[in-house]
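# Fold and geometry: a report
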Amino acid sequence: MKSEFYSKWGWIANPFILKIDPKLFTGYHQQVDAVKLHIADKHKIAMIYGPTGSGKTSMLKWLEEELHETNPILYVSKPPQNAEEFIGIFTETFGISFWQKLLRWKPSLQTLPDYINKKVNNQHLVFMVDEAHETNKEVLEWLRVLVDQIENVSLIIAGLPRLPEKIRDELETFDQRITTRIELTALEKEDTKELIKKRIEAVGGSGTVPFTDSAIDTIFTRTGGFPREVLKMCGRLVHTAMDKDLNVIEVSDIEDHREVPQSNVRVDEQVVTFSPKPPSKQQIDDLPYKQRKILEILSREDWLTPTGISERLDAKTYKSKGHAIRSTNNILHRLMIDGFVQREARGKAFMYALTPRIKILFVEK
Ligand SMILES: Nc1ncnc2c1ncn2[C@@H]1O[C@H](COP(=O)(O)OP(=O)(O)OP(=O)(O)O)[C@@H](O)[C@H]1O
Ligand SMILES: [Mg+2]
């Protein structure tokens with residue numbers, strides 16, 4: 001039934017599976033240019049940070065695809081827990097000669113840079129470490145040593161929004177070596193449309209059919225162009241359309257779909273590995289300072305306006321009251337997309353409160 005359904009749009013599969021495919025990467029033009037320039041100029045350390053689902057891993061995988069013909073690349077999906085593991089990570093990629101094997105020779109941490117220099121041999125190594133917010137201090141120190149001693153290397157670390165703060169607090173000497181800082185937030189409207197189109201065309205469909213233009217507008221407004229949310233929302237809409245046997249996905253379907261309880265949403269097996277974890281205390285702790293502060297304010301008082309919230313924030317950090325309110329509004333928007341806060345229109349203003357799931361976390365805290 002499922003494949004039959006997809007075939008009416010010429011699809012051979014569900015386009016909105018949460019998988020990472022470099023060919024489907026879209027948008028983030030400035031960020032992409034910045035990281036490419038960083039590598040082309042042979043700078044040493046770049047940092048990419050953004051919330052879960054914003055596309056950090058996608059961007060690294062895209063870079064890997066883009067550069068693998070010209071540069072040796074090493075992508076590490078998680079930082080090791082102890083520095084010794086770097087030896088295995090590098091020797092698995094660059095290999096050990098027959099004689100060295102026979103003599104049971106392996107580089108030590110101290111001789112590793114020398115080993116890498118010989119292997120890389122004047123080419124420029126692109127070394128990427130994902131989930132870098134999990135790096136401990138010892139490993140961070142060795143990363144710095146490696147980057148200092150490998151002659152031709154660009155290290156790109158990627159992690160959650162707390163990464164910049166973590167590095168600054170943990171190892172200043174590392175922080176000082178970061179020359180490019182790239183923040184991933186959300187896609188522009190045009191790129192959100194492009195993402196949907198690419199996904200549909202990749203499974204054999206045409207353009208953005210069956211989504212109408214206004215449906216795409218609504219998807220963008222509701223998700224804020226946040227990639228993982230865009231995919232999840234499109235997926236839900238397709239399932240709703242499937243259940244109702246609709247040929248076209250119109251805004252009215254989108255309104256309907258809000259009533260579809262989450263538990264009825266069919267989820268493909270593959271989705272599981274990439275789906276964001278349900279909000280946990282840890283996730284709140286991972287948020288940037290101001291987001292956390294706003295959640296704390298709302299945990300003490302329900303239903304506040306952005307103005308009310310900004311008055312409760314430390315106003316000294318803003319240039320003016322207008323700045324504070326605008327910034328609060330932006331942060332609230334982000335928090336709403338991530339399911340941390342909800343809002344209601346009351347008169348002319350929107351009032352904000354924590355979502356029930358988040359509220360519970362604060363009660364437990
Ligand atoms: N720029 C993009 N273009 C197209 N698809 C994207 C883009 N960014 C992210 N996606 C899609 O959104 C989903 C989430 O992206 P990704 O896993 O790269 O996020 P992440 O920032 O690494 O998240 P996490 O912190 O949870 O690891 C993936 O399914 C990916 O295919
Ligand atoms: Mg990731």
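Our subject is the structure that appears above.
Let me begin by describing the structure that accompanies this report. This structure is a prediction, so every number in the text was calculated from the model and none was measured. (Residues numbered from 1 in each chain as written. Chains lettered and ligands numbered in written order. Predicted model: local features only at pLDDT ≥ 70, side-chain atom pairs only at ≥ 80, totals over all residues. Heavy atoms only, no water.)

With that settled, the discussion passes to the site of ligand 1. Around ligand 1, 23 residues are found, and the nearest of them are Thr 26, Thr 52, Lys 56, Thr 57 and Ser 58. Here ligand 1 loses 95% of its free accessible area of 630 Å² to cover by the protein chains. If you list the elements that add at least two residues to the shell around ligand 1, you get α3 (56–67), α10 (189–202) and α12 (227–244). Class assignment for the residues of the shell around ligand 1 results in eleven nonpolar, seven polar and five charged. (Near = heavy atom within 4 Å. Areas by Shrake-Rupley, 256 points an atom, 1.4 Å probe, with all protein chains shown as cover. Helix = DSSP H or I, 4+ residues; strand = E, 2+ residues; numbered from the N terminus. Nonpolar A, V, L, I, M, F, W, Y, C, P; charged D, E, K, R; others polar.)

On to helix α18 (residues 321–337). For α18, built from 17 residues, the straight-helix expectation of 24 Å at 1.5 Å per residue is met to within 8% by its first-to-last C-alpha distance of 25 Å. Within α18, burial applies to Ala 324, Ser 327, Thr 328, Ile 331, Leu 332, Arg 334, Leu 335 and Ile 337. On its buried face, α18 sits against α11 (213–223), α12, α16 (289–300), α17 (306–312), β6 (341–346) and β7 (349–354). For α18, the side-chain oxygen to backbone nitrogen distance between the N-cap and Gly 322 is 3.3 Å, and the N-cap itself is Ser 320. Following α18 by one or two positions, Gly 339 adopts a phi angle in the positive range, close to 80°. (Expected span 1.5 Å × (residues − 1). Buried < 20%, exposed > 50% of the residue type's maximum accessible area, 1.4 Å probe, protein only. Contact = heavy atoms within 4.5 Å. Polar contact = N/O pair within 3.5 Å; in protein donor to acceptor, adjacent residues only side chain to side chain.)

For the bond from Val 209 to Pro 210, the omega torsion is 10°, close enough to zero to count as cis. In this fold, Pro 210 is placed in the loop between α10 and α11. Positive phi, close to 50°, is recorded for Tyr 28, a residue that is not glycine. Here Tyr 28 lies in the loop between α1 (2–7) and α2 (29–40). If you check the backbone angles, Asn 122 has positive phi at about 70° while not being a glycine.

A few words now on the packing of aromatic side chains. If you walk through the whole model with that rule in mind, you get ten aromatic pairs. Taken together, a centroid distance of 6.5 Å and an interplanar angle of 40° make the contact between Phe 25 and Tyr 28 tilted. Residue classification places Phe 25 among the buried positions, given a relative accessible area of 12%. Here the aromatic cluster, defined as three or more aromatic residues joined through ring pairs, consists of Phe 86, Phe 90, Phe 94 and Phe 127. A cation over a ring is seen here: Lys 8 above Trp 9, with NZ or CZ 5.4 Å from the ring centre. Geometry around Tyr 75 places Lys 61 over its ring, the cationic atom sitting 4.0 Å from the centre. (Phe/Tyr/Trp six-rings, centres within 6.5 Å; stacked < 30°, edge-to-face > 60°. Lys NZ or Arg CZ within 6 Å of the ring centre and 35° of its normal.)

Proximity of charged atoms lets side chains of opposite charge pair with each other. Under the definition given, this model contains 16 salt bridges. Among the salt bridges present, the one from Glu 66 reaches Lys 36, with a minimum N-O distance of 3.5 Å. You can see Glu 66 sitting in helix α3 and its partner Lys 36 sitting in helix α2, a full 30 residues away along the chain. Classification of Lys 36 as partly exposed rests on a relative accessible area of 34%. With its nearest N and O atoms 3.4 Å apart, the salt bridge here joins Lys 232 to Glu 229. Remark: Glu 229 and Lys 232 occur in helix α12; sequence separation between them is three residues, near one turn of the helix. With a relative accessible area of 27%, Lys 232 lands in the partly exposed category. (Salt bridge = Lys/Arg side-chain N within 4 Å of Asp/Glu carboxyl O.)

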